[in-house]
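The lines below spell out each chain.
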Amino acid sequence: MESKVEHAVDQLKSGGIRMTPQRYAILHYLMESYSHPTADDIFRALSPQYPSLSVATVYNNLKLFVDAGLVRELTYGDDSSRFDADMSDHYHVTCTSCGTIVDIDHPPVMEVERTAAAMTGFSVLGHRLEIYGLCPTCKGMHS
Ligand code: ZN
Ligand code: MN
């Protein structure tokens, strides 16, 4: 995992982006996390170590990582965005009760894109597939 962070740091530096301790901490936290945290989650996790950190700083850095292609932003309507440093093609299952997001490994559903292209004449560039439900913990509380 360390090499993934170092690789990302190199990529940012070659793009002319200066590395600061806070920036590094945010990047490192995200790359070690599998929970798809919000900017707020990251702020709460890091603020004890970095008392001068603000949510705005976290958010601005996340935007910078997204623009650099290191991190993807998952947007869910009005809810605040979640961030994922796993750039591989994968889908998410989201708990509608507690907001937990879990990765699932599933081959890309290309038939939908082919059908959409055939039916509309569009040059299809991609798709979003969101799976919703109750996670095992929430399912227990609702049964
Ligand atoms: Zn849940
Ligand atoms: Mn993910």
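Every residue gets a number counted from 1 within its own chain, in the order that chain's sequence is written. Chains and ligands are labelled sequentially in the order written, the chains with letters from A and the ligands with numbers from 1. Local features in this predicted model are restricted to residues whose pLDDT is 70 or higher, and side-chain atom pairs enter the listing and the counts only when it is 80 or higher, whereas totals over whole chains, interfaces and linings include all residues. Only heavy atoms go into the side-chain values, all of them from the structure, while hydrogens and water stay out.

Undergrad: When you look at the coordination of the zinc ion (ligand 1) in this model, what are you seeing that I'm missing?
TA: Tetrahedral coordination by four donors puts the ideal angle at the metal at 109.5 degrees, and octahedral coordination by six puts it at 90 or 180 degrees. The rule for donors is simple: N, O or S, within 2.8 Å of the metal, or within 3.2 Å if the metal is Na, K or Ca. Water isn't counted, so a site may look like it is missing partners. The zinc ion (ligand 1) binds to the protein through Cys95 (SG), Cys98 (SG), Cys135 (SG) and Cys138 (SG); the donor distances cover 2.2 to 2.3 Å. Geometry is assigned from donor-metal-donor angles: four donors are tetrahedral when every angle falls between 85 and 135 degrees, four are square planar and six octahedral when opposite donors sit over 155 degrees apart with all other angles between 65 and 115, and any other arrangement is irregular. Taken together, the four donor atoms coordinating the zinc ion (ligand 1) span angles of 103 to 115 degrees at the metal, a pattern that classifies the geometry as tetrahedral. Look at where the donors of the zinc ion (ligand 1) fall in the sequence and you get C-x2-C-x36-C-x2-C. One end of the pair, Cys98, is in the loop between β3 (91-95) and β4 (101-104); the other, Cys135, is in the loop between β5 (130-133) and α6 (136-142), and 37 residues separate them in sequence. Since its relative accessible area comes to 43%, Cys98 is described here as partly exposed. Only protein chains enter the calculation, and the probe is 1.4 Å; a residue is then buried if its accessible area is under 20% of its type maximum, exposed if over 50%, and partly exposed in between. Residue Cys135 is classed as buried on the basis of its relative accessible area of 13%. A run of DSSP states H or I qualifies as a helix once it reaches four residues; a run of E qualifies as a strand once it reaches two. Both are numbered from the N-terminal end.

Undergrad: Teacher, can you tell me more about the coordination of the manganese ion (ligand 2) here?
TA: At this site the manganese ion (ligand 2) is bound by His36 (NE2), Asp84 (OD), His90 (NE2), His92 (NE2) and Asp103 (OD), with donor distances of 2.0 to 2.3 Å. All donors of the manganese ion (ligand 2) belong to a single chain; written as a sequence motif, their spacing is H-x47-D-x5-H-x1-H-x10-D. Here His36, found in the loop between α2 (21-32) and α3 (39-46), pairs with His92, found in strand β3; they are 56 residues apart in sequence, far enough to count as distant. The exposure classification of His36 matches that of His92, with both residues buried.

Undergrad: Just checking my understanding: could you explain the pattern of salt bridges for this structure?
TA: Any carboxyl oxygen of Asp or Glu that lies within 4 Å of a side-chain nitrogen of Lys or Arg is treated as forming a salt bridge with it. What the rule picks out here adds up to four salt bridges. For Lys63, the salt bridge goes to Glu73, with nearest N and O atoms at 3.0 Å. Taken together, the positions of Lys63 in helix α4 (residues 55-67) and Glu73 in strand β1 (residues 72-76) put the pair ten residues apart, joining distant regions of the chain. A relative accessible area of 24% places Glu73 in the partly exposed class. Its salt-bridge partner being Glu130, residue Arg128 comes within 3.5 Å of it at the nearest N-O pair. Each of Asp40, Asp41 and Arg44 takes part in salt bridges that share partners, so that together they form one network.

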